[in-house]
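Listed here are the chains, written in short residue letters.
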Amino acid sequence: MKLYNTMTNKVEEFKTIEENKVKMYVCGPTVYNYIHLGNARPIVVFDTLARYFKYKGMEVNYVQNFTDVDDKIINKSIEEGISASEVSEKYIKCFFEDINRLNILESVKRPKVTENMAEIIEIIQKLIDNGFAYEKDGDVYFEVKKYKDYGKLSNQKIEELELGARIDVSEIKKNPVDFALWKKKKDGEPFWESPWGQGRPGWHIECSAMAKKYLGDTFDIHGGGQDLVFPHHENEIAQSKCAYHGNFANYWLHNGFIQINGDKMSKSLGNFFLLREILEKFSGNVVRLFILSTHYRKPINFSFENMEDTKKALQNIIKSMNKFENIVEKYKNEKIENVKISEFSQRIDEFNKKFEEAMDEDMNTPQALATIFDQIRETNKFISTNENEFSTIYYEIKKSYDSLKKKIENVFGIALEAENAVKEEDGENMELTKKLIELLIKLRSEARSEKNFKLSDEIRDELKALGVEIKDNKDGSTDYNLL
């Protein structure tokens, strides 16, 4: 497998530290509001990557944190008239409500900053002891100039950063580019006891501490959105390497933005849709398919038209999968003779190989999806050319159905239940359609019993024109399939 490493700016062969084991850390949300669709992209992208590792038989240790103490949380607590901890707990609960509808893996470890304060204080003390940080009047800063590789991830030079920096009014930092590891307590803010007095951690140090605690000095993958490359991930690297001297993360993966009219979707710009707003109109399965239809490193342009197109594509997938499943269920208990194994069995193996080749090439989900659509189309074609021989091609249909289900549900995290792919009112429409089809089939049966074959044939032909194929059984009953 190959992955694009932001650190080297190239696609590299992916090699884990331990055989068949992957350690992965992805920066999670600052819980002061509901997450928007842009926040959902890294959640879906890295969930899919973890799922693919599992699909390949690997053990995955996946950590994604909650930042539950921050300036934005404090400001929100003032705005809502509740404590900062109440704000964070409220929006953590809302976070789970939203991502549960995206079929996110439950095995992800989700530590909170406030539960790891001892580890944060420990790493800050190590940085001071190692000569990379200094304390002044209760604040602690990382001394950027002491770390010679600073800027390597983001391709920036310290000299240029100094020119563009704005010196704090307090002028307490040695250099304007130095960043806070610990912030002295201010009135009305939450605080913790530390060797430097009461205060709270800076934003960057928390991820270094939690990654170290749950994954060790060096782990395989660190992920997040492109907006985190600088300064957040740059600062994480500096802190972790200077404190523990490990390599921190061997591979750095960053997803592109979701855009609206060419601009990044963000709360600060005010051009965003909350994920829960989108989920009122579209299922979590549609959201996943929309996100994964574009390569994770490229920008996605959001529009409701694009979401509608994605919904239709998903409904087509589900319609075909239901058709395959019906055939599999119908013949699974029959004693099948004269089993016919054709070239199509080999085609299924080829589709699986192409799927894995696409995923192995820097998680190329759109190309992998293309192989899924190709396999569905070929399976439909195979069925239509053997429609009177289902009992003899059962094993091939089952083989294709099983491999598709594994790729769609296990890797892409898209559930194949029809009610999850359409809105509630659409489900009601589907039930109405089913009843109307059954009524027409009943009328046709009555016409046949009265030997009114002209009317019987007209009903059959009209149903077929509408995409409903009926089949008369020897016992006098009639089945139907949606084409």
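Conventions we followed
Residues numbered from 1 in each chain as written. Predicted model: local features only at pLDDT ≥ 70, side-chain atom pairs only at ≥ 80, totals over all residues. Heavy atoms only, no water. Core = buried A, V, L, I, M, F, W, Y, C linked by side-chain atoms within 4.5 Å. Buried < 20%, exposed > 50% of the residue type's maximum accessible area, 1.4 Å probe, protein only. Helix = DSSP H or I, 4+ residues; strand = E, 2+ residues; numbered from the N terminus. Contact = heavy atoms within 4.5 Å. Pairing = 2+ DSSP bridges. Axes fitted to C-alpha atoms, helices over the stretch in contact; angles between N-to-C directions. Disulfide = S-S within 2.5 Å. Salt bridge = Lys/Arg side-chain N within 4 Å of Asp/Glu carboxyl O. Patch = residues over 30% accessible without salt bridge, like charges linked within 9 Å, V, L, I, M, F, W, Y side chains within 5 Å. Areas by Shrake-Rupley, 256 points an atom, 1.4 Å probe, with all protein chains shown as cover. Phe/Tyr/Trp six-rings, centres within 6.5 Å; stacked < 30°, edge-to-face > 60°. Lys NZ or Arg CZ within 6 Å of the ring centre and 35° of its normal. Polar contact = N/O pair within 3.5 Å; in protein donor to acceptor, adjacent residues only side chain to side chain.

A.B. asks: An account of the nonpolar core is needed here, citing residue identities and associated values.
C.D. replies: Counting 87 residues, the largest nonpolar core has Leu 49, Phe 53, Ile 221, Val 287, Phe 355 and Phe 412 as the members making the most contacts within it. The element best represented in this core is helix α1 (residues 37-55), accounting for 11 residues. Contacts of Phe 355, omitting those with residues within four sequence positions, involve Tyr 52, Tyr 55, Ala 368, Thr 371, Ile 372, Lys 407, Val 411 and Phe 412. Within the second largest apolar cluster, 44 residues are counted, among which are Ile 124, Val 144, Ala 209 and Phe 219.

A.B. asks: Give me the lowdown on the sheet that holds strand β10 (residues 248-255), citing residues and values where you can.
C.D. replies: Spatial ordering of the open sheet is given by β4-β3-β9-β10, a layout of 4 strands whose pairing is parallel. With one partner strand each, in any of the chains shown, β4 (59-64) and β10 form the two edges of the open sheet. Recorded for the sheet is a direction-independent mean angle of 25° between the axes of neighbouring strands. As paired elements, strand β3 (residues 21-26) and strand β9 (residues 218-225) share 3 bridges and run parallel to each other. Across the sheet, residue Tyr 25 finds its bridge partner in β9, namely His 222.

A.B. asks: Tell me what's going on with the state of the cysteines, and back it up with residues and numbers.
C.D. replies: Taken as a whole and judged by the stated rule, the model has 0 disulfides. Cys 207 provides the cysteine sulfur closest to Cys 27, a residue in no disulfide bond, and the two sulfurs are 3.9 Å apart.

A.B. asks: Residue-level account of the pattern of salt bridges, with values.
C.D. replies: Taken as a whole, this structure holds 28 salt bridges when the rule is applied. Ionic pairing is found between Lys 23 and Glu 18, a salt bridge with its closest N-O pair at 3.6 Å. Note on Glu 18: relative accessible area 34%, which makes it partly exposed. Note that Lys 148 and Asp 149 form a salt bridge whose closest N and O atoms lie 3.6 Å from each other. With a relative accessible area of 73%, Lys 148 lands in the exposed category. On the basis of relative accessible area, Asp 149 is assigned to the partly exposed category, the value being 30%. Shared partners join several salt bridges into a network, and the residues in it are Asp 71, Lys 183, Glu 189 and Arg 200.

A.B. asks: Which residues make up a nonpolar patch on the surface, and what are the values?
C.D. replies: Taken together, the side chains of Leu 436, Leu 439, Leu 440 and Leu 443 define a hydrophobic patch exposed on the protein surface, amounting to about 330 Å² of accessible area. Along the chain, Leu 440 turns up in helix α14 (residues 424-449). Overall, the relative accessible area of 33% leaves Leu 440 in the partly exposed class.

A.B. asks: So, the packing of aromatic side chains: which residues are in play, and what are the values?
C.D. replies: One pass over the full model with this rule turns up 22 aromatic pairs. Within the aromatic cluster, the residues linked to one another by ring pairs are Phe 273, Phe 282, Phe 290, Phe 302 and Phe 304. For the cation-ring pair, Lys 174 lies above Tyr 134, with the distance from its terminal atom to the ring centre recorded as 4.6 Å. Its guanidinium or amino end placed over the ring of Tyr 244, Lys 212 lies 4.5 Å from that ring's centre, counting from NZ or CZ.

A.B. asks: Give a description of the side chain of Gln 64 that names residues and reports values.
C.D. replies: Tracing the chain through its elements places Gln 64 in strand β4. Within the structure, the side chain of Gln 64 is placed 2.8 Å from the side chain of Arg 110, a separation counted as a polar contact. Setting aside residues up to four positions removed in sequence, Gln 64 forms contacts with Val 26, Cys 27, Gly 28, Ile 43, Val 108, Lys 109, Arg 110 and Pro 111.

A.B. asks: Just give me the short version of the sheet that holds strand β6 (residues 139-142), but keep the residues and values in it.
C.D. replies: The strands making up a sheet associate through hydrogen bonds between their backbones, and the pairing can be parallel or antiparallel. Pairing is antiparallel across the open sheet formed by 4 strands, whose spatial order is β5-β6-β7-β8. Every interior strand has two partners, whereas the edge strands, β5 (133-136) and β8 (199-201), have only one. The sheet shows a mean angle of 20° between the axes of neighbouring strands, taken without regard to direction.

A.B. asks: Break down unusual backbone geometry for me, citing the residues and quoting the values.
C.D. replies: A cis geometry characterises the amide bond from Phe 230 onward to Pro 231, with omega recorded as 5°. Summarising the element assignment, Pro 231 is placed in helix α7 (residues 229-244). Of note, the phi angle at Asn 103 is positive, near 60°, even though the residue is not glycine. Among the secondary structure elements, Asn 103 is positioned in the loop between α3 (84-99) and α4 (117-129). One non-glycine residue, Lys 451, adopts positive backbone phi at about 60°. Tracing the backbone through its elements, the reader meets Lys 451 in the loop between α14 and α15 (453-465). With a relative accessible area of 64%, Lys 451 lands in the exposed category.

Nothing here speaks to function; it is all geometry.
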